Amino acid sequence: GESSRARSLWGRAMSFPGATPPVPAARKVLLAGTLEKRGRWRKEWNYRFCVVRRERIDYYLTAPALMEEENEEACRGFIPLRLRSEALAAEEPSRPFCITIGGELLSCGSRAEQQRWLDTIGAGCGLA
């Protein structure tokens, strides 16, 4: 399929001495860091390492060794960012700097951090 063809092209590109494959735009990291994420079902808060990319936010239990590569095994899930995705500032008891997006709730440590994530998510949606 298309992914095996892409892998073989990457393999060829990597076989040249000193060559590094280009990072596809969709995989490029726009912002990464640890946020708290509220579970959908149990409503418990857990720390997740979040990575904003074009069109999605991936989240992990811990920071992946190589963020630019496909890492589905370590990825715990993702939040799709669509052109019309609305990332909104929100507030929860004892968590005043939250972001709600795609039915998920993320918590930042400060208003400045919240704003940086909101701005970056907007760029990931193609809105900035």
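Residues numbered from 1 in each chain as written. Predicted model: local features only at pLDDT ≥ 70, side-chain atom pairs only at ≥ 80, totals over all residues. Heavy atoms only, no water.

## Side note on the overall build of the chain
Counted only if it meets this: By definition, any uninterrupted DSSP run of H or I lasting at least four residues is a helix, any uninterrupted run of E lasting at least two residues is a strand, and each is numbered from the N terminus. When checking whether two residues touch, look at their non-hydrogen atoms; a contact exists if any pair is within 4.5 Å. Where accessible areas are quoted, they stem from the Shrake-Rupley method and a 1.4 Å probe; at the residue level, only the protein chains shown are allowed to cover.
Across its full length, the chain carries 2 helices and 7 strands. In the chain, the succession of α and β elements from N to C terminus is α-β-β-β-β-β-β-β-α. In the chain, the proportion of contacts linking residues at least 24 apart, taken out of those at least 6 apart, comes to 42%. Summed over its atoms, the accessible surface of the chain is roughly 8300 Å², and 53% of this surface lies on carbon and sulfur atoms.

## Quick notes on the environment of Cys-98
Under the convention used in this document: Only protein chains enter the accessibility calculation, which uses a 1.4 Å probe; a residue whose area is less than 20% of its type maximum is buried, one above 50% is exposed, and one in between is partly exposed.
Within the secondary structure, Cys-98 is located in strand β6 (residues 95-101). Cys-98 gets classed as buried once you look at its relative accessible area, which sits at 0%. In the structure, Cys-98 is positioned 10 residues away from Cys-108 in sequence and 5.8 Å away in space, judged by C-alpha atoms. Dropping the residues within four chain positions of it, Cys-98 is found in contact with Trp-45, Leu-88, Ala-89, Ala-90, Glu-91, Glu-92, Leu-105, Leu-106, Ser-107 and Gln-114.

## A few points about unusual backbone geometry
Unusually for a residue other than glycine, Glu-55 sits at a positive phi of about 80 degrees. Take Glu-55: its relative accessible area is 53%, and that puts it in the exposed class. Even without glycine at this site, Ser-94 takes up a positive phi of about 65 degrees. Inspection of the secondary structure puts Ser-94 in the loop between β5 (88-92) and β6. Residue classification places Ser-94 among the exposed positions, given a relative accessible area of 68%.

## Considerations on the pattern of salt bridges
Where charged atoms from two side chains of opposite charge approach closely, those side chains can pair. Heads up, the rule is: The rule for a salt bridge is simple: a side-chain nitrogen of Lys or Arg has to be within 4 Å of a carboxyl oxygen of Asp or Glu.
One pass over the structure, following the stated rule, counts 7 salt bridges. Here Arg-53 and Asp-58 are joined by a salt bridge, their closest N and O atoms 2.7 Å apart. Exposure remark for Arg-53: the relative accessible area of 0% places this residue in the buried category. Judged by relative accessible area, Asp-58 falls into the buried class, the value being 1%. Linked by salt bridges that have partners in common, Lys-37, Arg-40 and Glu-104 make up one network.

## Focus on the pairing of β6
Filter applied, for reference: By definition, two strands form a pair when at least two bridges between them are found by DSSP.
Counting buried residues in β6 gives 5 out of 7 residues, a clear majority hidden from the surface. Bridge count for β5 against β6 is 4 bridges, and the pairing is antiparallel. The residue of β6 that forms the bridge with Ala-90 is Cys-98. In this structure, β6 lies alongside strand β7 (residues 104-107), joined through 4 bridges in antiparallel fashion. Bridging across to β7, Ile-99 finds its partner in Leu-106. Between the antiparallel neighbours β6 and β7 lie 2 residues, among them Gly-102 with a positive phi of about 55 degrees.

Read these as layout, nothing more, since geometry by itself doesn't imply function.
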